[in-house]
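As a plain string of letters, each chain reads:
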Amino acid sequence: MNAFNNKTVLITGGTDGIGKELVLQFLQLGAKVITCGRSQQKILALESESPVGNLSVINADVSNEKDCERMVDHAITQFGSIDILINNAGISMRGLLEESGPALIPVIKKVMDINFNGSLYVTSYALKYLIQSKGTIVGISSIAGYRGLPGRSGYSASKFALQGWLEALKTELLDKGVHVMWISPGYTKSSIRNEALIKDGENQGESPLDESKLMKTDDCARLIIGAIKDKKRSLVMTFQGKQTVFLNKFFPRLTDKLVHGFFFKKGKLIK
Ligand SMILES: NC(=O)c1ccc[n+]([C@@H]2O[C@H](COP(=O)([O-])OP(=O)(O)OC[C@H]3O[C@@H](n4cnc5c(N)ncnc54)[C@H](OP(=O)(O)O)[C@@H]3O)[C@@H](O)[C@H]2O)c1
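Here the structure is a predicted model, which means the values were calculated and not measured.

**Student:** Sorry, what's going on with the overall build of the protein chain here?
**Tutor:** Broken down by element type, the protein chain carries 9 helices and 9 strands. Relative to the globule expectation of 18 Å for 271 residues, the C-alpha radius of gyration of the protein chain, 18 Å, shows essentially globular dimensions. The C-alpha extent of the protein chain, read off along each of the three principal axes, is 55 × 40 × 35 Å. Relative to its 271 residues, the protein chain shows a buried fraction of 41%. Taking as baseline every contact in the protein chain between residues at least 6 positions apart, the subset at least 24 positions apart corresponds to 70%.

So this is what it looks like as C-alpha cells:
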C-alpha cells in the first residue's frame, strides 16, 4: 500500500506549474488534496482535469492572512485533518537595484509577502492540525535559497528567509513528531519566469531562459513526493543546482565570479 493513500495534503499554489503536478500526482496516489490559487481561470482548468471527489480547490491569495485561515478551516471541514502541508505558492522577479532604485521596493515586498509571509500564514494556522497528525511541513525553496542570484535579490531573500524559518521551526518541533523539510528545485519549465515581476509591477513576459531545456514539472513533482516519503531533511535538484550549492559552500568568492559570468554579458543582465 502506498504511503499517501487517504492522507490529506494541502498544497498552496496548485493551479499551475510544479504545484499542479503535485496535485495531480498526489491524487493518483489516493491522497485527498486541497489547493489554492488566485486566478479563477486556472482553478477551473485544474478542476476540469482532475477526478472529482478527492480534490478541493479554493480561490485564495497566500499573502492574505484571512485567506490562509479560511483555506485551513476549509481543509478541516472538508477532510477532517491535514497530514502534509506543502508551501509551494511563489512568484519571481527580475530587476537590478542599481538600475531601478526605490522602484524595486514594492516588487521585493510583494515577493516576500507571497513567498515568505504566505508560508508563515498557512503554516501558522495549520500547525495544530499537523501536530495532531504528526504530519509533514514542506517548503518549496530554490537554489536561490542557498546562493543569492543577481536580478532576483528579493526572490533570493524570500527563499533564504523561508529556509531559515523552517530550520528554526524544525528544531522547535523536534520532539512533537512533525517532520519539517525544504526542497530546492533547479530551473524547472513553468510560467514563473513569464509572470516574474519587473520594476513597475508588470510581468516580465518572455522568459530569459530556453524553457525547453529545463527540468519538467512532472519529474520535479515526482522527486518532491519521493523526498517527502523518505522524510528527507532537504533536497537540492539538478546537476547545476547541486554544483552551485556545493561551490558556494566551499568556494564562495569563485562562485561570485561564476554566477556573475552566468547572468551578465558586457555588464548587462542577460538572464
Ligand atoms: N520553476 C522553477 O524554475 C523553480 C525553481 C526553483 C523553485 N521554484 C519554486 O517552486 C514553486 C512553484 O513555482 P512554479 O515554477 O511552479 O510557478 P508557476 O508555474 O508560476 O505556478 C505558481 C503557482 O502558485 C500560484 N500562486 C502564485 N501566487 C500566489 C498567491 N499569492 N496565492 C496563491 N497562489 C499563488 C499560481 O496561481 P495564481 O497565479 O493563479 O495565483 C500558480 O498556481 C515556487 O515557490 C517557486 O519559487 C520554481
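Here the narrative resumes, following the displayed structure.
**Student:** Can you walk me through the environment of Ile131 in this structure?
**Tutor:** Mapped onto the secondary structure, Ile131 falls in helix α5 (residues 105-133). Along the primary structure Ile131 and His179 are separated by 48 residues, whereas in three dimensions their C-alpha atoms are 9.6 Å apart. Ile131 has contacts with Lys176 and Val178, leaving out every residue within four places of it along the chain.

**Student:** Sorry if this is basic, but what is going on with the site of the ligand here?
**Tutor:** Surrounding the ligand, one finds 30 residues, the nearest of these being Gly13, Gly17, Ser39, Gly90 and Ser190. Going through the elements one at a time, α1 (17-28), β2 (32-37) and α5 are the ones with two or more residues in the shell around the ligand. The leading source of residues in the shell around the ligand is α1, at 3 residues. Grouping the amino acids of the shell around the ligand by side-chain chemistry returns 10 nonpolar, 15 polar and 5 charged.

**Student:** Would you explain helix α3 (residues 65-79) in this entry?
**Tutor:** Quick reminder: α-helices carry 3.6 residues per turn. Residues three or four places apart thus point the same way. Taking 1.5 Å per residue as the helical rise, α3 with its 15 residues ought to reach 21 Å, and the 21 Å between its terminal C-alpha atoms agrees with that figure. All buried positions along α3 are accounted for by Cys68, Met71, Val72, Ala75 and Phe79. All buried residues of α3 lie within an arc of 95° about the axis, which places them on one face of the element. Turned more than 90 degrees away from the buried face of α3, the exposed residues are Lys66, Asp73 and Thr77. The elements touched by buried residues of α3 are β1 (8-11), β2, β3 (55-59) and α5. A positive backbone phi angle near 85° is found at Gly80, which sits one or two residues after α3.

**Student:** Just checking my understanding: could you explain α5 for this structure?
**Tutor:** Helix length check: α5, at 29 residues, gives a terminal C-alpha distance of 40 Å against a target of 42 Å (1.5 Å per residue), a fit within 8%. Lys134 lies just past α5 and shows a positive phi near 50°.

**Student:** So what exactly am I meant to see when it comes to the nonpolar core here?
**Tutor:** In globular proteins that are soluble, nonpolar side chains generally tend to be buried together. By size, the foremost hydrophobic cluster in this structure holds 63 residues, and its most contacted members are Leu85, Val122 and Val138. Residues contacting Val138, with those up to four places away along its chain left out, are Ile84, Leu85, Ile86, Asn87, Met181, Ile183 and Ile228.

**Student:** How should the packing of α5 against helix α6 (residues 153-172) be read in this particular structure?
**Tutor:** For any two helices packed against each other, one specifies the inter-axial angle together with the distance between the axes. At their nearest, the axes of α5 and α6 sit 9 Å apart, and the two run at 20° to each other. Classified by the interaxial angle, the pair formed by α5 and α6 is roughly parallel. For the crossing formed where α5 meets α6, the hand is right-handed. Along the contact surface, α5 presents Val107, Ile108, Val111, Met112, Asn115, Phe116 and Ser119, while α6 presents Ser153, Gly154, Tyr155, Ala157, Ser158, Lys159, Ala161 and Leu162. Residue composition of the contact of α5 with α6, grouped by class: 9 nonpolar, 5 polar and 1 charged.

Parameters at a glance
Residues numbered from 1 in each chain as written. Predicted model: local features only at pLDDT ≥ 70, side-chain atom pairs only at ≥ 80, totals over all residues. Helix = DSSP H or I, 4+ residues; strand = E, 2+ residues; numbered from the N terminus. Rg over C-alpha atoms; globule rule 2.2 N^0.38 Å. Buried ≥ 20, exposed ≤ 12 C-beta atoms within 10 Å, placed from the backbone. Contact = placed C-beta atoms within 7 Å. Near = placed C-beta within 6 Å. Nonpolar A, V, L, I, M, F, W, Y, C, P; charged D, E, K, R; others polar. Expected span 1.5 Å × (residues − 1). Arc of directions from axis to C-beta. Core = buried A, V, L, I, M, F, W, Y, C linked by C-beta atoms within 7 Å. Axes fitted to C-alpha atoms, helices over the stretch in contact; angles between N-to-C directions. Parallel < 35°, antiparallel > 145°, perpendicular 65-115°, else oblique. Left-handed = near helix turned anticlockwise from the far one by under 90°.

No statement about biological role is implied by the geometric values presented.
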